[in-house]
There are 4 protein chains.
Amino acid sequence: MTSPAVLSDVRRELADLHQALIESGLVVWTAGNVSARVDDEHFLIKPSGLAYEELTPESMVLCDMDGEPVDADALKPSSDVFAHAYVYRHRADVGGVVHTHSTYATAWAARNEAIPCVLTAMADEFGGEIPVGPFALIGGDDIGRGVVETLDGHRSPAVLMRNHGVFTIGGSARSAVKAAVMCEDVARTVHISRQLGAPLPIAQPDIDSLYDRYQNVYGQ
Amino acid sequence: MTSPAVLSDVRRELADLHQALIESGLVVWTAGNVSARVDDEHFLIKPSGLAYEELTPESMVLCDMDGEPVDADALKPSSDVFAHAYVYRHRADVGGVVHTHSTYATAWAARNEAIPCVLTAMADEFGGEIPVGPFALIGGDDIGRGVVETLDGHRSPAVLMRNHGVFTIGGSARSAVKAAVMCEDVARTVHISRQLGAPLPIAQPDIDSLYDRYQNVYGQ
Amino acid sequence: MTSPAVLSDVRRELADLHQALIESGLVVWTAGNVSARVDDEHFLIKPSGLAYEELTPESMVLCDMDGEPVDADALKPSSDVFAHAYVYRHRADVGGVVHTHSTYATAWAARNEAIPCVLTAMADEFGGEIPVGPFALIGGDDIGRGVVETLDGHRSPAVLMRNHGVFTIGGSARSAVKAAVMCEDVARTVHISRQLGAPLPIAQPDIDSLYDRYQNVYGQ
Amino acid sequence: MTSPAVLSDVRRELADLHQALIESGLVVWTAGNVSARVDDEHFLIKPSGLAYEELTPESMVLCDMDGEPVDADALKPSSDVFAHAYVYRHRADVGGVVHTHSTYATAWAARNEAIPCVLTAMADEFGGEIPVGPFALIGGDDIGRGVVETLDGHRSPAVLMRNHGVFTIGGSARSAVKAAVMCEDVARTVHISRQLGAPLPIAQPDIDSLYDRYQNVYGQ
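Residues numbered from 1 in each chain as written. Chains lettered and ligands numbered in written order. Predicted model: local features only at pLDDT ≥ 70, side-chain atom pairs only at ≥ 80, totals over all residues. Heavy atoms only, no water.

- Chain A carries the name L-ribulose-5-phosphate 4-epimerase in an unreviewed UniProt entry, which gives Actinocorallia herbida as its organism.
- The Cofactor (unreviewed entry) comment attached to chain A in UniProt states, word for word, "Zn(2+)". (UniProt positions renumbered as here; feature names shortened; annotations may be inferred.)

Right, dumping it as structure tokens:
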């Protein structure tokens, strides 16, 4: 199992990422949550219903892969915990999961409509459209299964869940937060573009070229 | 009557909640107000026409259930005081009331149009549509009566008042502020969704299930 | 002439009001300006082309009623100085003038369209529609004349200048800033309301009643 | 070559301008970049993929006019470095270049649509429409050539690149940032104006008069 020092680092990073979520305007009040895989058997997630300013590294809840808290005296985990657990169980490559009801992405989700890839920034980060998954009720495996099955066969690390909001995944919790920020950004820009006409499509070979470069050349 | 220590705590919380209102972008300049029930005979409310940065715990005005200030040297209470008083007299379960002209909610109100329940977050918090109440002039019981009568028969703690703005209620002032924040959030998302088409409805049994879970399972 | 102590107070207030303008999101970069009448012969106004973070009480430019700086070594006044001067010369009741290109108000102005009075908050502050004035070039009396002539016969302290932006007036500079904030707020709400249909009108007697109460009863 | 003291000043100013970019809401996460010409042979530019809060004066990358870093141990420059280099090589008057995906400007770009000059503030800063350039892939000279060729024959210091975002130029990096801020501001206002009808055009002689005055009279 992960050492206390490493666990403590992940707790601190996860608390910081929740602040990034609220500073980016992706969440209000207590909505939204981030989780981070700790090891093969555990992940950390936001506690349920706490205000963002109350979130501390210590308040993050260590859960097993069934979404059950490991410590008897821990806070209750986010009510989305089972969706996060499902994703970790079925995607060994995922190190972090984010869920928000960010405005523009959720507006597309409410119409059950995927976001078309009409921006180079979308080709970079999502490699194509941002798909939309099924309507699913909270509390069991339905949301997690919808997320995993919809992302299967897409390059996108983001999925819109119908009438609900967005889930994003990443190799790390930070990458998943980045995907959530970029998802809302392109959801907003494409929405606004379409308000006054039809945004032009980007040719598939150009999308492929942009995605390949961004994934392999961008950054340090 | 409530002890000075408790009254002092409510004053401080009420001043803090007004800051939450302005930080959430729900109010501008001196518009909007929050009140908190103190006991069966009294509530505290924002003074009239003060800037948010001037609001202190001591500036909050203690009123009786007719909306009259208890202390002769108190500031004049919000001009919405009679609407708040009406709600407290007719709803013993209400511990806090919020009024705003928040942008998107007021835009629905200006069209006399209820916000349909097309988001799971709306089913969670409002249990259905957010209804719209009558046009009413300020200064008497008309607004308060419109609020109480419209909320009667709805699960929603928020009501849009025609051509005017939003009133929300809660078991506490903090719950009423939460409802005001969530009301604007869903008013905005549903508005934006509908700009480019028709958001899909959520089936009534799913709304019921979401509402039940959120009211009874969510949080600590 | 005004005492140095009073002048110093007005300088400080004017610098603060410019910060309120940028914090309210009504201006970007160096756009927009506020002026304050000092006495029958003078007013203070923002210097031309300075960034908001560079504005100090001392940088505000004292001008005579022709818009000419009084001090030889003062900064150059805002290029809108002649419009402000015209207003002060023709409206003895005006103690402050504000000019912005705030987004939603300017969007109405670009269509040459008045904002209809469909919100109680608009009836309160503006007492009816916010009118639109003529297209006018900067640098002479044309803008000032357009402002004064258009406001004549309206209760509104705000006027949209065609293809340009907003001018607001008030008994004090602070009142004019309030009118600028409220103007953008109602311009945005009415715009958003109309995006999905037709906001309902408010009957004239109700507008009159709301305006009368707000002007005479609201505040301390 | 430029002295170390001057280079150090440019590094500090460039770091500050990146903060202005994020504070103005023009960029999210690591998107967007500013560069500043240092001398005839060199310019400084943002490193690739760093978060805005990690940007320091020292992290800015000194490049030659082919976009190659001068120092072997420097960070990797922005992946847009070749576009910036192309602009500096072909426009001796340019001292700064900015690139963003700011929301409203990019929405126009996704439709391949120039922004018409319907605001006096647009006539002031851009002297006419903001043109739109070709679709171009990142990594070579295509984007830079598209920027230079499109701006040729326009007064505008801003160009929308199709499906991509905005490039702005200026005599200094600060002027280019100003153009980026103003570009998003007018892109938003014209978009919103057109949502409810047709903004009125401004006559060409009036555009010419406004542009001439703003370029020659405005400021200190």
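Continuing now.
1. Quick word on the overall build of chain A
Here is step 1: Helix and strand content of chain A: seven helices and seven strands.
Here is step 2: Mapped from its N terminus to its C terminus, chain A presents α and β elements in the order α-β-β-β-α-β-α-α-β-α-β-β-α-α.
Here is step 3: Projected onto its principal axes, the C-alpha positions of chain A cover 55 × 35 × 30 Å.
Here is step 4: At a minimum sequence separation of 6, the contacts of chain A that also span at least 24 residues come to 64%.
Here is step 5: Put simply, chain A shows about 7,800 Å² of open surface, and 48% of that area lies on carbon and sulfur atoms.
Here is step 6: A gap of 5 Å separates the mean positions of the 16 positive and 30 negative side-chain charges of chain A. (Helix = DSSP H or I, 4+ residues; strand = E, 2+ residues; numbered from the N terminus. Contact = heavy atoms within 4.5 Å. Areas by Shrake-Rupley, 256 points an atom, 1.4 Å probe, with all protein chains shown as cover. Lys, Arg positive; Asp, Glu negative; His and termini not counted. Charge placed at Lys NZ, Arg CZ, Asp CG, Glu CD.)

2. What about the sheet that holds strand 2 (residues 42–45) of chain B?
Residue and element names in this part refer to chain B.
Here is step 1: Strand order in the open sheet made by the seven strands is 3-2-1-4-7-6-5, with mixed pairing throughout. Looking at which strands have only one partner, the edges of the open sheet turn out to be strand 3 (61–64) and strand 5 (132–133).
Here is step 2: Helix 3 (residues 103–110) rests against strand 6 (158–161) and strand 7 (165–170) of the sheet, and its axis sits at about 55° to strand 6.
Here is step 3: Packing of helix 5 (residues 142–151) onto the sheet brings it into contact with strand 5, strand 6 and strand 7, and relative to strand 6 it is tilted by some 130°. (Pairing = 2+ DSSP bridges. Axes fitted to C-alpha atoms, helices over the stretch in contact; angles between N-to-C directions.)

3. As for the packing of helix 2 (residues 81–90) of chain A against helix 5 (residues 142–151) of chain A
All names here are of chain A.
Here is step 1: Across the interface, helix 2 lies against helix 5 with an axial gap of 7 Å and an inter-helix angle of 45°. One element, helix 2, and the other, helix 5, form an angle in the oblique class. Where helix 2 crosses over helix 5, the two elements pack in a sense that is right-handed. Where helix 2 abuts helix 5, its residues A83, Y86, V87 and H90 lie against I143, G144, R145, V147 and V148.
Here is step 2: Of the residues contributing to the contact of helix 2 with helix 5, the split by class is six nonpolar, two polar and one charged. (Parallel < 35°, antiparallel > 145°, perpendicular 65-115°, else oblique. Left-handed = near helix turned anticlockwise from the far one by under 90°. Nonpolar A, V, L, I, M, F, W, Y, C, P; charged D, E, K, R; others polar.)

4. Overview of the relation of the copies chain D and chain A
Here is step 1: Of the transformation placing chain D onto chain A, the axial shift is 0.0 Å and the rotation is 90°, giving an RMSD of 0.0 Å. Put plainly, the chains are arranged around a four-fold axis. Among all residues of chain D, the one whose C-alpha sits closest to the rotation axis is D:Q195, at a distance of 5.4 Å. (Least-squares fit on C-alpha atoms with pLDDT ≥ 70 in both.)

5. Focus: the UniProt feature "domain: Class II aldolase/adducin N-terminal" (unreviewed entry) in chain A
Here is step 1: Those places that UniProt annotates as "domain: Class II aldolase/adducin N-terminal" (unreviewed entry) correspond, in this numbering, to residues 12–191 of chain A.
Here is step 2: Within residues 12–191 of chain A, the helical portion is 37% and the strand portion 18%, while the C-alpha atoms at the span's ends are 35 Å from each other.

6. Brief notes about the interface of chain D and chain A
Here is step 1: Taken residue by residue, the interface counts 30 residues in chain D and 30 residues in chain A.
Here is step 2: Both faces considered, chain D and chain A share a buried interface measuring about 2,800 Å² in area, 60% of it formed by carbon and sulfur atoms.
Here is step 3: Where chain D touches chain A, the interface holds zero salt bridges.
Here is step 4: For the interface between chain D and chain A, the tally reads 14 residue pairs in polar contact (both at pLDDT 80 or more).
Here is step 5: If you list the elements that add at least two residues to the side of chain D that touches chain A, you get helix 3 (103–110) and helix 6 (173–195) of chain D.
Here is step 6: If one sorts the elements of the side of chain D that touches chain A by residue count, helix 3 of chain D sits on top with five residues.
Here is step 7: Classifying every residue of the side of chain D that touches chain A gives twelve nonpolar, 13 polar and five charged. (Buried area = accessible area lost by both parts, 1.4 Å probe. Salt bridge = Lys/Arg side-chain N within 4 Å of Asp/Glu carboxyl O. Polar contact = N/O pair within 3.5 Å; in protein donor to acceptor, adjacent residues only side chain to side chain.)

7. So, the environment of D:P77
All names here are of chain D.
Here is step 1: Locating P77 in the fold gives a position in the loop between strand 3 (61–64) and helix 2 (81–90).
Here is step 2: Among the residues examined, P77 registers a relative accessible area of 11% and is labelled buried.
Here is step 3: Spatially, the C-alpha atoms of P77 and P157 are 23 Å apart, while their sequence positions differ by 80 residues.
Here is step 4: Residues within four places of P77 in sequence aside, it is in contact with I45, K46, P47, S48, V61, C63, G67 and P69. (Buried < 20%, exposed > 50% of the residue type's maximum accessible area, 1.4 Å probe, protein only.)

8. Examining the pairing of strand 1 (residues 33–39) of chain D
Residues and elements named next belong to chain D.
Here is step 1: With seven of seven residues buried, strand 1 lies mostly within the body of the structure.
Here is step 2: Pairing of strand 1 with strand 4 (residues 96–100) involves four bridges; the strand directions are antiparallel. Looking at the pairing, V34 lines up with V98 of strand 4.
Here is step 3: In the sheet, strand 1 pairs with strand 2 (residues 42–45) via four bridges, with the strands oriented antiparallel. Note on strand 2: the bridge partner recorded for R37 is F43.
Here is step 4: Between the end of strand 1 and the start of strand 2, which pair antiparallel, lie two residues.

9. Describing the sheet that holds strand 6 (residues 158–161) of chain C
Residue and element names in this part refer to chain C.
Here is step 1: Spatially, seven strands are ordered 3-2-1-4-7-6-5 in an open sheet, and the strand pairing comes out mixed. Lying at the two open borders of the sheet, with one neighbouring strand each, are strand 3 (61–64) and strand 5 (132–133).
Here is step 2: For strand 6 and strand 7 (residues 165–170), the ladder comprises four bridges, and the chain directions are antiparallel. Directly across from A158, in strand 7, lies its bridge partner T168.
Here is step 3: Of the strands in this sheet, strand 1 (33–39), strand 2 (42–45), strand 3 and strand 4 (96–100) are in contact with helix 1 (residues 4–23), which crosses strand 1 at around 160°.

10. Some points on the pairing of strand 4 of chain D
Here is step 1: Counted residue by residue, strand 4 of chain D has five buried out of five residues, so it is predominantly covered.
Here is step 2: Side-chain alternation along strand 4 of chain D places D:G96, D:V98 and D:T100 on one buried face and D:V97 and D:H99 on a second face that is also buried.

11. A look at the packing of aromatic side chains
By convention here, two paired aromatic rings are described through the distance between centres and the angle between planes.
Here is step 1: Taken as a whole and assessed by the stated rule, the structure comprises seven aromatic pairs over all chains.
Here is step 2: Directly above the ring of C:W108 sits C:R111, whose terminal nitrogen or CZ lies 5.0 Å from the centroid. (Phe/Tyr/Trp six-rings, centres within 6.5 Å; stacked < 30°, edge-to-face > 60°. Lys NZ or Arg CZ within 6 Å of the ring centre and 35° of its normal.)

12. Details of helix 7 (residues 204–216) of chain A
All names here are of chain A.
Here is step 1: Along its 13 residues, helix 7 runs 18 Å from first to last C-alpha, staying within 8% of the 18 Å computed at 1.5 Å per residue.
Here is step 2: Of all the positions in helix 7, only I207, L210, Y211 and Y214 are classed as buried. End-on view of helix 7: buried residues confined to an arc of 100°, all on one side of the axis. Facing away from the buried side of helix 7 by more than 90 degrees, the exposed set consists of P205 and N216.
Here is step 3: Looking at the packing, one finds that the buried side of helix 7 touches helix 4 (120–126) and helix 6 (173–195). (Expected span 1.5 Å × (residues − 1). Arc of directions from axis to C-beta.)

13. Some details on the packing of helix 3 of chain B against helix 6 (residues 173–195) of chain C
Here is step 1: With their axes 8 Å apart at the nearest point, helix 3 of chain B and helix 6 of chain C run at an angle of 55° to one another. The orientation of helix 3 of chain B with respect to helix 6 of chain C, classified from their angle, is oblique. Our pair here, helix 3 of chain B against helix 6 of chain C, has a crossing hand that is right-handed. Residue-level contacts link B:T103, B:Y104, B:T106, B:A107 and B:A110 of helix 3 of chain B to C:D185, C:R188, C:T189, C:I192 and C:S193 of helix 6 of chain C.
Here is step 2: For the contact of helix 3 of chain B with helix 6 of chain C, the residue count by class is four nonpolar, four polar and two charged.

14. Things to note about the confidence of the model for chain A
Here is step 1: Per-chain confidence: chain A averages 96 in pLDDT, with 100% of residues scoring 70 or above.
Here is step 2: Our summary of model confidence lists the complex with pTM equal to 0.97 and ipTM equal to 0.97. (pLDDT = per-residue confidence, 0-100.)

15. A look at the pattern of salt bridges
Here is step 1: This model, assessed by the stated rule, comprises 36 salt bridges over all chains.
Here is step 2: Taking the shortest distance from any N to any O, the salt bridge between B:D141 and B:R89 comes out at 3.6 Å. Residue B:D141 is located in the loop between strand 5 and helix 5, and its partner B:R89 is located in helix 2 (residues 81–90); the two are separated by 52 residues in the primary sequence.
Here is step 3: Judged by its relative accessible area of 31%, B:D141 is partly exposed.
Here is step 4: On the basis of relative accessible area, B:R89 is assigned to the partly exposed category, the value being 34%.
Here is step 5: Salt bridges here are not isolated pairs; linked through shared partners, they connect A:R111, A:E113 and A:R194.

16. Describing the side chain of C:D124
Here is step 1: Turning to its location among the elements, C:D124 is positioned in helix 4 (residues 120–126).
Here is step 2: For the buried C:D124, no salt bridge exists, and the shortest N-O distance to an oppositely charged side chain is 7.2 Å, to C:R213.

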